[in-house]
Amino acid sequence: MKKIWIGFSSVVILSFIALIWVGTEIYQTQPPIPDKVVVKETQEVVFTKEDIQTGQNVWESIGGMEVGSIWGHGSYVAPDWTADWIHKEATFMLNNWAKQDFNKTYDTLGSEQKAALKARLITHVKVNTYSEANREISISSARYEAIKNNSKHYASIFSNGHEQYVIQEGALVDPEKLSQLNAFLFWTSWAASTNRPNQDYTYTSNWPHEPLIGNTITPDSQIWSGFSIVLLLLFIGILSYYYIRNHEKGDAVVHPEKDPIDSITLTGSQKAVLKYFVVISLLIGLQIILGILTVHYTVEGQAFFGFDLAKILPYSITRTWHTQLAVFWIAATWLATGLFLAPMISGKEMKHQVFGINFLFIALLVIVLGSLLGEWLGVHQFLDLTTNFFFGHQGYEYMDLGRFWQLLLAVGLVLWVVMVGRHILYGIRKNDDAKHLLIILLISVIAIGMFFFSGLMYGENSSLPVINYWRWWLVHLWVEGFFEVFATVIIAFIFLRMKIISAKTAGKASIASATIFLAGGIIGTLHHLYYSGTPVQAIALGATFSALEVVPLTLMGFEIRENWNLLKSNEWMQKYKWPIFFFIAVAFWNMIGAGVFGFLINPPIALYYIQGLNTTAVHAHTALFGVYGMLGMGFITICLRFYSDRAWDSKKLKRAFWLLNIGLVAMVVLSLLPVGIIQAYTSITKGYSFARDAELLYSPTVQTLKWLRMIGDVIFSAGIFYFCWFTIQETMYCIKKKSQMP
């Protein structure tokens, strides 16, 4: 065990050293925010630093990443504002020069004339005119005219609304805020179109692909993409060899003839957890309803079957609530599972555990309802910008809730760590064979509480590269890193209590799995940051280690087989058929959703062209729900199975399981993936802005594919209905049984 622990510790320490080093580089080399943007010929001030920073806050208040995207991060319906601004600015300048020089439009010019004007454009746009001495960006008068034209265009979109972009009328009407928003959009496009000092690529490594200004993929992105693929193949071979050589070497276990869990006595705190499952089921149902509204907006614009719903619930709100509730209910499920299993770990009921569970339950309700209301008020511009930051809409996907609600959730997580951690510590002090398994469980529990605080590491006026860096610490490290370790250890502990595996084998396997996950997962966080105003080190390290993230997922077929074999090991195991089926689904979607579809967008050469297209949505749905959602459902059903004393009517669970999986497949195959492929081809051949343009997204072919998604959505929604029906029905039975107990 000593060697395994040394390997785990080395991986974690060295990985965080690398991740933090890149973070310091991001702080030091991020695109500068100038004190002023001035016209070179007249010295007229176009924008100030305050305009740009306040404009970022304005963008956050209207929904931020839930209304289109910036640098490829955000929602998929409206344009990527950075790419759209660059393309519109470029075409305006080219057409103006074509009219002045040749009295023609740019598109009607000959190839030599076009080449001359493109070369002129590149000198106006790509050359870095930021002065360190006076902290000013100077622009040409020709570019200033294009900026004024763009500013007028975007002011019209956000004040008058845009049906195809699903932006409601009156989203933003204050002229000063509209001007500040344009200042921020200009700055994001300047960083993406201007070369870094002494380099031949932009602050965003030439993202987005825009042929008009010479933004094409860099050699670094190509080289590290190739290296990541070679590394992936190499480590798949190494891990496969290691697995085949060692996976049968665990301690032999004689499977019991009857269910060992039948003999456990449930504590008061475990009974107190039951109400969580009712609320979680309601959150799942609400999330799916909001998902239906969000998807429908993409085909009917502002309306829902003719009803002008966007005035009350605009797209930015329904998408915010849809994604946020997914995180809420999945995280709540895992946290409730930890609280439920805590007394089984220690073998005793700790003081004030019931009070703590009830307090956390109330806090959960307050955070969910308070944050949803705050986001609605923020998007409807009822809050000033600072109040919006603390209580409204922060504007960052999966981190939309205001800072106050984040702080309240952080306090709740600390309490959860204490409540679960003390049971684990008590179990560790027994110094039995489960000691090492419980140590890695304690590490994951502490990490879940600690790494949520990474979302608090930026302020109201922090720059976009800094915010994205810490945002992915939370989204990637918290969820995909340490929650995954927690889930692995919890499943191992459950199987240990069922006497399916030995304590020694469970401990070794869990630590080894955590080491493999984190070896790629920690530094692999950087694959989200290739083109976010970050230095080239993010591409090199992110590409290399995100490939390693995929390696363990390629062996999920073995896990599926082993879980399936469990059901045939003893007759009493049939009692746990559906929880194990959900764990099998987790392994399947880990391999397909996180592995195949994850690697589809992970290499820099892929992400350069398809970041923020529907290919990202494919990965998001199959990984977030397919892996974490299915795992949460598995946890709910196994906790209810431990508690319930009656035989289950499996019809509802059977229908839920198959409808959820079939619906998710149909959703991806019939709609999301085909649309993503069409967009990817357009991005590669014409430019990124065309792949996000309404002309493509509302073309007959794409509209048909969007409507076809309804097939998968209906099947999937039916599965959600059956799962929630079963969960609420079984939970209410258990609560009723509890109230009748002497």
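For the structure itself, consult the block above.
As the structure is a computational prediction, the values presented were derived from the model and not from experiment. (Residues numbered from 1 in each chain as written. Predicted model: local features only at pLDDT ≥ 70, side-chain atom pairs only at ≥ 80, totals over all residues. Heavy atoms only, no water.)

Engineer: What is the right way to read the overall build of the protein chain from this model?
Structural biologist: In terms of helices and strands, the protein chain carries 25 helices and six strands. In terms of overall dimensions, the protein chain is globule-like: its C-alpha atoms have a radius of gyration of 27 Å, near the 27 Å expected for 742 residues. Along the three orthogonal principal directions, the C-alpha set of the protein chain runs to about 90 × 55 × 45 Å. Counting the 742 residues in the protein chain, one finds 62% classified as buried. Look at the contacts in the protein chain between residues 6 or more apart in sequence, and 78% of them connect residues 24 or more apart. Total accessible area on the protein chain stands at roughly 28200 Å², and carbon and sulfur atoms take up 65% of it. Across the protein chain, 54 positive and 51 negative side-chain charges occur, with their mean positions spaced 11 Å apart. (Helix = DSSP H or I, 4+ residues; strand = E, 2+ residues; numbered from the N terminus. Rg over C-alpha atoms; globule rule 2.2 N^0.38 Å. Buried < 20%, exposed > 50% of the residue type's maximum accessible area, 1.4 Å probe, protein only. Contact = heavy atoms within 4.5 Å. Areas by Shrake-Rupley, 256 points an atom, 1.4 Å probe, with all protein chains shown as cover. Lys, Arg positive; Asp, Glu negative; His and termini not counted. Charge placed at Lys NZ, Arg CZ, Asp CG, Glu CD.)

Engineer: Would you mind showing me how to read empty space enclosed by the protein here?
Structural biologist: Any empty space left between atoms is shown by rolling a water-sized probe over those atoms. Evaluation of the coordinates by the stated rule reveals five cavities of 30 Å³ or more. Estimates place the volume of the second largest cavity at around 720 Å³. Lining the second largest cavity are 35 residues, with Val-295, His-322, His-621, Leu-672 and Arg-709 positioned closest to its centre. Elements that contribute at least two residues to the lining of the second largest cavity include exactly helix H9 (274–300), helix H10 (315–346), helix H21 (614–643), helix H22 (651–685) and helix H25 (700–740). Sorting elements by how many residues they give to the lining of the second largest cavity places H9 first, with eight residues. Class assignment of the residues belonging to the lining of the second largest cavity gives a composition of 20 nonpolar, 10 polar and five charged. (1 Å grid on protein atoms, 1.4 Å probe; cavity = no way out; pocket = protein on both sides within 12 Å on 5 of 7 lines; lining within 4 Å. Points joined across faces, edges and corners; volume = space filled by probe spheres on them. Nonpolar A, V, L, I, M, F, W, Y, C, P; charged D, E, K, R; others polar.)

Engineer: Whenever I open this one, the layout of surface pockets confuses me. Can you help?
Structural biologist: Here the second largest pocket is characterised by a volume of approximately 310 Å³. Forming the walls of the second largest pocket are Phe-235, Ile-238, Leu-239, Tyr-242, Ala-512, Thr-515, Ile-516, Ala-519, Leu-548 and Val-551. Those elements giving two or more residues to the lining of the second largest pocket turn out to be helix H7 (219–246) and helix H16 (503–521).

Engineer: Teacher, can you tell me more about helix H2 (residues 49–61) here?
Structural biologist: Note on helix geometry: an α-helix contains 3.6 residues per turn, so any two residues three or four positions apart are oriented the same way. Helix length check: H2, at 13 residues, gives a terminal C-alpha distance of 19 Å against a target of 18 Å (1.5 Å per residue), a fit within 8%. The set of residues buried in H2 consists of Ile-52, Thr-54, Gly-55, Gln-56, Asn-57, Val-58, Trp-59, Glu-60 and Ser-61. Within two residues after H2, Gly-63 carries a phi angle of roughly 125°, on the positive side. (Expected span 1.5 Å × (residues − 1).)

Engineer: Explanation requested: unusual backbone geometry in the structure shown.
Structural biologist: Trans peptide bonds make up the majority, and among non-glycine residues the majority have a negative phi. The omega angle of the peptide bond from Trp-207 to Pro-208 is 5°, so this bond is cis rather than trans. With respect to the secondary-structure elements, Pro-208 resides in the loop between helix H6 (175–193) and H7. Its identity as a non-glycine residue notwithstanding, Gln-43 has a phi of 65°, on the positive side. Along the chain, Gln-43 falls in the loop between strand S1 (36–39) and strand S2 (45–48). Judged by its relative accessible area of 49%, Gln-43 falls in the partly exposed class. One non-glycine residue with positive phi stands out, namely Asn-206, at about 70°. Examined against the element boundaries, Asn-206 turns out to sit in the loop between H6 and H7. When its relative accessible area of 5% is taken as the criterion, Asn-206 is described as buried.

Engineer: Is there a simple way to explain the environment of Ile-213 in this structure?
Structural biologist: Along the chain, the position of Ile-213 falls in the loop between H6 and H7. When the C-alpha atoms of Ile-213 and Thr-194 are compared, they prove to be 9.8 Å apart, with 19 residues separating the residues in sequence. Contacts of Ile-213, omitting those with residues within four sequence positions, involve Ile-86, Ala-90, Leu-121, Ile-122, Val-125, Lys-126 and Ser-193.

Engineer: Even after reading the chapter, I still don't get the sheet that holds strand S5 (residues 130–131), so can you show me in this structure?
Structural biologist: Two orientations exist for strands paired in a sheet by backbone hydrogen bonds: parallel and antiparallel. Strands sit in the order S2-S1-S6-S5 across an open sheet of four strands; the sheet is mixed. A strand with exactly one partner marks an edge of an open sheet, and here the two such strands are S2 and S5. Strand direction decides the pairing type here: S1 and S2, joined by three bridges, are antiparallel. Paired with Lys-36 across the strands is Thr-48, a residue of S2. Its contacts with the sheet place H6 against S1, S2, S5 and strand S6 (136–139), and it is angled at close to 90° to S2. (Pairing = 2+ DSSP bridges. Axes fitted to C-alpha atoms, helices over the stretch in contact; angles between N-to-C directions.)

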